[in-house]
Amino acid sequence: MTHPDTLTVHAGYTPDATGAVMPPIYLSSTFAQQAPGKHGGFEYARSGNPTRQTLERALAELEGGAAAFAFASGLAAISTVLELLNAGDEIVAVDDLYGGSWRLLERVRTRSAGLKIRYVPAGDTAAICEAITPATKLVWIEVPTNPLLQIVDLEAIVNAARKAGAMTVADATFATPYLLQPIRYGFDVVVHSLTKYLNGHSDVVGGAAIVRTPELAERLGYLQNAVGGVLDPFSSFLVVRGLRTLPLRMQQHCRNAQQIAAWLASQAGVREVIYPGLESHPQHELAKRQFPQGFGGMISLRLDTDEAGVLRFLSGLKIFALAESLGAVESLIAQPWTMSHGSLPEVQRLARNIDPGLLRLSVGVEHADDLVADLRNALTLI
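Conventions and cut-offs
- Residues numbered from 1 in each chain as written.
- Predicted model: local features only at pLDDT ≥ 70, side-chain atom pairs only at ≥ 80, totals over all residues.
- Heavy atoms only, no water.
- Pairing = 2+ DSSP bridges.
- Helix = DSSP H or I, 4+ residues; strand = E, 2+ residues; numbered from the N terminus.
- Contact = heavy atoms within 4.5 Å.
- Axes fitted to C-alpha atoms, helices over the stretch in contact; angles between N-to-C directions.
- Polar contact = N/O pair within 3.5 Å; in protein donor to acceptor, adjacent residues only side chain to side chain.
- Left-handed = near helix turned anticlockwise from the far one by under 90°.
- Nonpolar A, V, L, I, M, F, W, Y, C, P; charged D, E, K, R; others polar.
- Buried < 20%, exposed > 50% of the residue type's maximum accessible area, 1.4 Å probe, protein only.

Draft legend 1. Quick look at the sheet that holds strand 8 (residues 270-274). Pairing is mixed in the open sheet, where five strands are placed in the order 8-9-12-11-10. Edge strands, defined here as strands with exactly one partner in the open sheet, are strand 8 and strand 10 (321-322). When strand 10 meets strand 11 (residues 332-334), the two strands line up parallel, connected through two bridges. Looking across to strand 11, one finds that Leu-322 is bridged to Ile-333. Docked against the sheet, helix 10 (residues 246-264) engages strand 8, strand 9 (298-303) and strand 12 (358-362), running at close to 15° with respect to strand 9. Contacting strand 9, strand 10, strand 11 and strand 12, helix 12 (residues 307-316) crosses the sheet at an angle of about 20° to strand 12.

Right under this line is the structure:
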């Protein structure tokens with residue numbers, strides 16, 4: 001098997017007749033046909049575009065899937081995957097998941113499609129497996145979860161779901177295919193926000209779903225065309241370009257995050273550091289098995305201060321930018337309480353251990369010493 005470092009540089013594309021070593025951007029919305037219904041593989045850009053096809057082929061190769069589909073956002077990808085279900089179906093989902101996913105499930109699909117969502121503690125793999133019954137049609141996990149970076153046992157989830165006849169979906173945005181490929185554990189669908197690590201430069205909004213089997217590829221391909229939330233050609237090109245440096249970026253993200261997490265854990269002003277690469281993480285041993293190449297670039301922490309102290313800390317940062325999103329070359333920090341998970345009712349945020357003191361770091365590729373110095377200076381303000 002080709003090494004991932006090589007695969008990311010070449011996946012999805014072979015130079016065309018011009019010899020161009022990078023895929024061209026095909027902006028055409030329609031394609032000439034030799035005769036009615038007879039064409040060279042493309043007829044209308046919603047149904048298929050050569051630049052988007054390059055990206056989709058690359059994603060399928062990187063994840064080890066049968067096919068991939070690129071969408072206009074991560075939530076557009078998730079929305080289309082949910083169309084694989086029928087009205088009234090039951091989903092077992094981890095309780096620690098992206099606020100936008102929760103909003104889509106709870107505020108939209110329970111109303112519009114009558115979906116029944118059962119939430120289970122993300123850190124308790126046994127409880128998740130126990131919750132899966134013959135009534136369950138889909139099991140939804142994140143790996144790692146957002147924002148508490150919990151790890152689930154992928155093999156155990158797949159085994160339990162298959163016994164019940166349920167489909168499995170993993171949002172692996174935080175992991176990226178460089179660190180983890182859930183399809184290789186038997187997951188049916190993997191979703192990504194392309195906006196994050198796969199593009200890596202904070203200049204694209206996009207999403208993707210990669211499927212394990214040709215049967216799912218046929219179903220999801222039909223839905224992608226029917227629902228229509230496809231990724232545009234220029235964004236597809238930018239994500240392909242971002243993929244080419246994914247190994248280099250992820251190696252630096254992981255190195256920096258490991259060093260910074262260990263440093264934060266020793267600071268008096270920090271009450272808790274959550275990072276799978278620390279021995280203090282409750283699923284550290286599982287993380288070591290599932291993430292042999294590194295534990296990712298995301299860190300969550302709680303400061304030992306009040307809300308005013310949190311605001312002083314945030315205002316004191318010079319390199320870490322307070323911003324939504326994650327996974328790009330620059331370091332970002334977010335407060336899930338008001339930002340990524342602000343759509344959850346307060347009582348649910350608190351029940352899921354999301355409070356105003358919880359902060360989420362997206363560690364970039366800057367020099368780790370500079371990032372530590374930035375955090376150290378801000379900690380003096382709390």
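Draft legend 2. Up close: the side chain of Ser-343. Structurally, Ser-343 is set in the loop between strand 11 and helix 13 (346-351). A polar atom in the side chain of Ser-343 sits 3.4 Å from the backbone oxygen of Gly-99. Ignoring any residue separated from it by four or fewer positions in sequence, one finds Ser-343 in contact with Gly-99, Trp-102, Arg-103 and Arg-107.

Draft legend 3. Region of the structure containing the sheet that holds strand 4 (residues 136-142). Spatial strand order, 1-7-6-5-4-2-3: seven strands in an open sheet with mixed pairing. Two strands in the sheet have a free side with no partner beyond their single neighbour: strand 1 (67-71) and strand 3 (116-120). Averaged over all pairs of adjacent strands, the angle between strand axes in this sheet comes to 20°, irrespective of strand direction. Sheet strands in contact with helix 6 (residues 154-164) are strand 4 and strand 5 (167-171), and its direction is about 170° off that of strand 4. Across the sheet, helix 8 (residues 214-227) touches strand 1, strand 5, strand 6 (189-193) and strand 7 (207-211), and the angle it forms with strand 1 is around 20°.

Draft legend 4. The packing of helix 2 (residues 50-63) against helix 9 (residues 233-243), seen in detail. At their nearest, the axes of helix 2 and helix 9 sit 8 Å apart, and the two run at 35° to each other. The way helix 2 lies across helix 9 gives a crossing that is left-handed. Residues Thr-51, Arg-52, Thr-54, Leu-55, Ala-58, Leu-59 and Leu-62 of helix 2 form the contact with helix 9, whose participating residues are Pro-233, Ser-236, Phe-237, Val-239, Val-240 and Leu-243. Its residues placed into classes, the contact of helix 2 with helix 9 shows nine nonpolar, three polar and one charged.

Draft legend 5. Structural view of the pairing of strand 9. Within strand 9, six of the six residues are buried, which leaves it mostly tucked inside the rest of the structure. In strand 9, alternate side chains face the same way, and those of Met-298, Ser-300 and Arg-302 on one face and Ile-299, Leu-301 and Leu-303 on the other are all buried. Of the pairings in the sheet, the one linking strand 8 to strand 9 comprises four bridges and is antiparallel in character. Bridging across to strand 9, Val-270 finds its partner in Leu-303.

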